[in-house]
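These are the residues of each chain, in order.
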Amino acid sequence: MAANILKFRKRSGLTQDELAQKLGVSFQAVSKWENAKSAPDIAFLPQMADLFGCYIDELFSREVKQEIHYDHCSEFPWADDTVIRGVVCEGRKILKVADGLVDKFTFEIVGDAKNVKSECNIEINGYVSGGCKAGESITIDGDVSGGCNAGQTISVTGDLSGGCNAGHTISAGGGISGGCNAGSSIKCQGDVHGAVSSHGDIYVGGNVKADKINGNVSCNVCECKNITGKTMISNEPNKIKVDDGTVIDYSNKESIMNYVRQQFEKEFGEGECVDKMMEFIDENATDDVSKGIKITGKNAAKFWDTFGEMFKGKK
């Protein structure tokens, strides 16, 4: 006991005199306890245990076995719901993405699951029916309903419904419904329904039917009137849908010229001046239209000398 009193007193940051004052004894008494010249009265033991933050058994070097009641935990920072949570702790602290350690852990579920949440990576081999949210990446071998949100990547082998948001890439082996938003590219083997936003390119093996598209998209058929970016029609590789929904055939000079005329007429109205600009472009543009109509060198300078005043103040 003598060595334990000394150990716990120092661990608690107390001097012999401070401990003596708290117990109502002299510091000489405490010194005798720690040097095994005498022992404290049994009445002092509960108070000493409280001061040291230990169990009375520990003062006697006895192992303390605590019974843990898992069904009685009441200090978690979430409601008593049906969500399956994967938690990483350092001591009693629940770690979050900002702590910089959770990316090294993966919460793995073998089989189907409902609503799943974790600050770390989530890997599920089965169907998810109530959504999935991860601070890091999500990998699911199956379908997902209820949506998916990840701080990093989302990779799903099946269909993904309920919408999805990822800080990096989104990849789906099936279709995506409910919209999707990615910090990088989006790749989908099936159809996509809902608003689509990507800071990278969007590759869709099927069709896209969206209220809004933000990014360059490649697909079979695209139904969207609000597009910020270019749309490549996969089964018609020479065609592209531009921001206003117009489809241009880049292998056809007439298709490109018609679009250019439409844009000029929107800005300047129909008339002789637009006719002259189109005539000039037709005569001086490069022969290769695979990348659009181009006027280069002296011809470009001549165009701006002739028509430049018209474009002042225009987009």
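The structure this text deals with has already been given above.
Computed from a predicted structure; not experimentally measured.

Reading the values: rules and limits
- Residues numbered from 1 in each chain as written.
- Predicted model: local features only at pLDDT ≥ 70, side-chain atom pairs only at ≥ 80, totals over all residues.
- Heavy atoms only, no water.
- Buried < 20%, exposed > 50% of the residue type's maximum accessible area, 1.4 Å probe, protein only.
- Helix = DSSP H or I, 4+ residues; strand = E, 2+ residues; numbered from the N terminus.
- Pairing = 2+ DSSP bridges.
- Core = buried A, V, L, I, M, F, W, Y, C linked by side-chain atoms within 4.5 Å.
- Contact = heavy atoms within 4.5 Å.
- Patch = residues over 30% accessible without salt bridge, like charges linked within 9 Å, V, L, I, M, F, W, Y side chains within 5 Å.
- Areas by Shrake-Rupley, 256 points an atom, 1.4 Å probe, with all protein chains shown as cover.
- Salt bridge = Lys/Arg side-chain N within 4 Å of Asp/Glu carboxyl O.

Chemist: Explanation requested: the pairing of strand β4 (residues 106-110) in the structure shown.
Modeler: Within a regular strand, side chains alternate between the sheet's two faces. Across the two faces of β4 the burial differs, with Phe-107 and Ile-109 buried and Thr-106, Glu-108 and Val-110 not buried at all. Bridge count between β4 and strand β6 (residues 121-125): five bridges; the pairing is parallel. Pairing of Glu-108 across the sheet is with Glu-123, part of β6.

Chemist: What's the story with the nonpolar core in this structure? I'm lost.
Modeler: Side chains of a nonpolar character, in soluble globular proteins, are inclined to be buried together. If you look at the biggest cluster of nonpolar residues, it comprises 42 residues, and the most contacted ones within it are Ile-176 and Ile-213. Apart from residues no more than four positions distant in its own chain, Ile-176 is found in contact with Leu-160, Cys-164, Ile-170, Ile-186, Cys-188, Asp-191, Val-192 and His-193. In this structure, Leu-14, Leu-19, Met-48 and Phe-52 belong to the second largest nonpolar core, which totals 15 residues.

Chemist: Can you help me understand a nonpolar patch on the surface in this one?
Modeler: Together, Met-1, Ile-56 and Phe-60 line one region of the surface with nonpolar side chains, adding up to about 240 Å² of accessible area. Structurally, Phe-60 can be placed in the loop between α5 (56-59) and β1 (84-86).

Chemist: Could you clarify how one ought to interpret the sheet that holds strand β9 (residues 148-150) in this entry?
Modeler: Paired through backbone hydrogen bonds, the strands of a sheet run either parallel or antiparallel to each other. Reading across the sheet, the nine strands line up as β1-β5-β7-β9-β12-β15-β18-β21-β24 and stay open at both edges, with parallel pairing between neighbours. In the strand order of this sheet, the two ends are held by β1 and β24 (227-228), each with one partner. Relative to strand β12 (residues 164-166), β9 is paired through three bridges, and the arrangement is parallel. Paired with Asn-149 across the bridge in β12 is Asn-165.

Chemist: Whenever I open this one, the side chain of Ser-197 confuses me. Can you help?
Modeler: Mapped onto the elements of the fold, Ser-197 is located in strand β18 (residues 196-198). Ignoring any residue separated from it by four or fewer positions in sequence, one finds Ser-197 in contact with Cys-180, Asn-181, Ala-182, Ile-186 and Asn-214.

Chemist: Please clarify how unusual backbone geometry should be interpreted in this entry.
Modeler: What is expected of a backbone is that most residues other than glycine have negative phi and most peptide bonds are trans. Phi is positive for Ala-36, which is not a glycine, with a value near 60°. Mapped onto the fold, Ala-36 is located in the loop between α3 (27-34) and α4 (45-52). Looking at Ala-36, the relative accessible area reads 61%, which means it is exposed. Residue Ser-61 is not a glycine yet carries a positive backbone phi of 65°.

Chemist: Could you clarify how one ought to interpret the sheet that holds strand β14 (residues 176-177) in this entry?
Modeler: Read from one edge to the other, the open sheet built from five strands follows the order β11-β14-β17-β20-β23, with strand pairing classed as parallel. Strand pairing shows two members of the sheet lacking a second neighbour, β11 (160-161) and β23 (222-223), which therefore form its edges. Where β11 and β14 come together, two bridges link them in parallel fashion. Bridged to Ser-161 within β14 is Ser-177.

These values are about where atoms sit, not about what they do.
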